[in-house]
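The chain contents come next:
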Amino acid sequence: MNIQQIYKLAIELGIKNDFRPKSQIEKQLKRIKEKYEKLSKDEKALFDTEKLTNPYTDSCVHFDSGVKNIKRVMAGIDIDSAELMIAVYLNNHNPKKKVDLVIAHHPEGKGLADLTGVMHLQADVLAQYGVPINVAESLMKIRIGEVTRSINPINHYKTVDAAKLLGLSFMNVHTPADNMIAKFVEAKIKKDKPEYVGDILKSLLEIPEYREAAKQGVGPKLFSGSPDSHAGKIAFTEITGGTEGSAKIYEKMAQAGIGTVIAMHQSEEHKKAAEKAHINVVIAGHISSDSLGMNLFLDELEKKGIEIVPCSGLTRYSRVKKK
Ligand SMILES: [Fe+2]
Ligand SMILES: [Fe+2]
């Protein structure tokens, strides 16, 4: 596989594991295309045409060194110049086992600049749980503005520049992998049918990545509610969709009948708002959840014969059945 084929596969897997139906995603891409066609020639020249086919603007190819047959991928949660230098070091010391591509989970470059492009997904998922779409959308709009401004001053292309200088292929896969976590965790919880919040923690601890995280001291934790609280209706609204949504949403979620939220991570402001709304919050864990998502994606590469070299917090666990 080359980098473009890996990128295409990531987008396909993202759509396949999206909580929204494929038809809804296609409709949104069509709307973007219609808007694009109405732009002036100069506006079109500045428009990123990848947005016409990729619904996950936080995931992209940053540099392609031209390797046609990628045999080895170094993958991690956060990649910066240090990880890229590790790849170069490994390549110099063992040229027979060359790393052909580095894949980050968290966005870099254009993916980081466009992180908020995927946050609309959260409003659509909240609507599936009964939160009126107008409420979810308007709260999300405010939050998207905040996040857009907070990432605005970042040095977005620092690591991309390093990859180019080192001649190392580099890409990142964010929301497609997060969609894979959300679907996987939802399936596990739906199978186990936990009655109490404590049962959710038990259920999560049966997933290898969370088990390993617990050994490392960062296992699933309860941020709101007690192990003996009834779980009620469980929502998977805070696993995918870029980054944390609006703190004002918990009151609306409670009104929609949600009892427990399973999230990857949560700020203090959001925790307090959830408690105030009597919503139980189970924090599955950030890097452990991201490891799970990346593992599910990397398994698809492993199936195609690509070797995975984990780095930067990624706890590699393969679900590929060995022949
Ligand atoms: Fe993630
Ligand atoms: Fe993350």
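As shown above, the structure is provided for reference.
Attention in this report is confined to the structure presented alongside it. (Residues numbered from 1 in each chain as written. Chains lettered and ligands numbered in written order. Predicted model: local features only at pLDDT ≥ 70, side-chain atom pairs only at ≥ 80, totals over all residues. Heavy atoms only, no water.)

1. Focus: the sheet that holds strand S9 (residues 307–311)
At step 1: The strand order across the open sheet formed by five strands is S1-S4-S3-S2-S9, and the pairing between neighbours is mixed. Pairing within the sheet leaves two strands with one partner each, and these edge strands are strand S1 (60–63) and S9. Adjacent strand axes in the sheet meet at a mean angle of 25° when their direction is disregarded.
At step 2: Here four bridges tie strand S3 (residues 101–104) to strand S4 (residues 169–172), and the two strands are oriented parallel to one another. Looking at S4, one finds that Leu 101 is bridged to Ser 169.
At step 3: Running at roughly 150° to strand S2 (residues 72–76), helix H4 (residues 81–93) makes contact with S2, S3 and S9 of the sheet.
At step 4: Of the strands in this sheet, S1 and S4 are in contact with helix H8 (residues 158–166), which crosses S1 at around 55°. (Pairing = 2+ DSSP bridges. Helix = DSSP H or I, 4+ residues; strand = E, 2+ residues; numbered from the N terminus. Axes fitted to C-alpha atoms, helices over the stretch in contact; angles between N-to-C directions. Contact = heavy atoms within 4.5 Å.)

2. Regarding the pairing of S2
At step 1: The buried fraction of S2 amounts to five of the five residues, a majority that puts the element mostly inside the structure.
At step 2: Side chains of S2 alternate between two faces, with Arg 72, Met 74 and Gly 76 and Val 73 and Ala 75 buried alike.
At step 3: In the sheet, S2 pairs with S9 via five bridges, with the strands oriented parallel. Bridging from a neighbouring strand, Gly 76 pairs with Cys 311 of S9. (Buried < 20%, exposed > 50% of the residue type's maximum accessible area, 1.4 Å probe, protein only.)

3. Points about the coordination of the iron ion (ligand 1)
At step 1: Distances from the iron ion (ligand 1) to its protein donors, His 105 (NE2), Asp 178 (OD), Asp 178 (OD) and Asp 290 (OD), fall at 2.0 to 2.7 Å.
At step 2: Coordination at the iron ion (ligand 1) is irregular: its four donor atoms span angles of 52 to 148° at the metal.
At step 3: Here the donor residues of the iron ion (ligand 1) share one chain and are spaced in sequence as H-x72-D-x111-D.
At step 4: In this structure, the iron ion (ligand 1) lies 3.2 Å from the iron ion (ligand 2), and both are coordinated by Asp 290. On the criterion of sequence distance, the pair formed by Asp 178 in helix H9 (residues 175–192) and Asp 290 in helix H14 (residues 286–302) is long-range, its members being 112 residues apart. Like Asp 290, Asp 178 is buried. (Donors = N, O, S within 2.8 Å, 3.2 Å for Na, K, Ca; no water. Tetrahedral: all angles 85-135°; square planar, octahedral: opposite > 155°, others 65-115°.)

4. Looking at the coordination of the iron ion (ligand 2)
At step 1: Within the protein, the atoms that donate to the iron ion (ligand 2) are His 106 (NE2), His 286 (NE2) and Asp 290 (OD), at distances of 2.1 Å.
At step 2: Asp 290 gets classed as buried once you look at its relative accessible area, which sits at 1%.

5. Remarks on the nonpolar core
At step 1: Judged by nonpolar contacts, the single largest core of 72 residues is most densely connected at Ile 103, Val 185, Met 253, Ile 262 and Phe 297.
At step 2: When residues of this core are assigned to their parent elements, the largest contribution, eight residues, is made by helix H1 (residues 3–16).
At step 3: Those residues in contact with Met 253 that lie beyond four places of it in its chain are Leu 126, Val 131, Ala 235, Thr 237, Ile 258, Val 261 and Ile 279.
At step 4: Core analysis: the next-biggest nonpolar cluster, separate from the first, contains 15 residues, Ile 79, Val 88, Val 102 and Cys 311 among them. (Core = buried A, V, L, I, M, F, W, Y, C linked by side-chain atoms within 4.5 Å.)

6. Comments concerning the pattern of salt bridges
At step 1: Considering all chains together, one arrives at 22 salt bridges under this definition.
At step 2: Its salt-bridge partner being Lys 97, residue Glu 307 comes within 3.9 Å of it at the nearest N-O pair. Separated by 210 residues along the polypeptide, Glu 307 in strand S9 and Lys 97 in the loop between H4 and S3 bring together distant segments of the chain.
At step 3: Taking the relative accessible area as the measure of exposure, Lys 97 reaches 43% and is therefore partly exposed.
At step 4: Bridged by salt links that share partners, the residues Lys 188, Lys 191, Asp 192 and Glu 206 form one connected network. (Salt bridge = Lys/Arg side-chain N within 4 Å of Asp/Glu carboxyl O.)

7. Focus on the environment of Ser 169
At step 1: Considering the arrangement of structural elements, one finds Ser 169 in strand S4.
At step 2: The buried category is assigned to Ser 169, whose relative accessible area is 1%.
At step 3: Sequence separation between Ser 169 and Ile 70 is 99 residues; the distance between their C-alpha atoms is 9.9 Å.
At step 4: Setting aside anything within four residues of it in sequence, one finds Ser 169 in contact with Ile 3, Phe 63, Asp 64, Ser 65, Gly 66, Asp 100, Leu 101 and Val 102.

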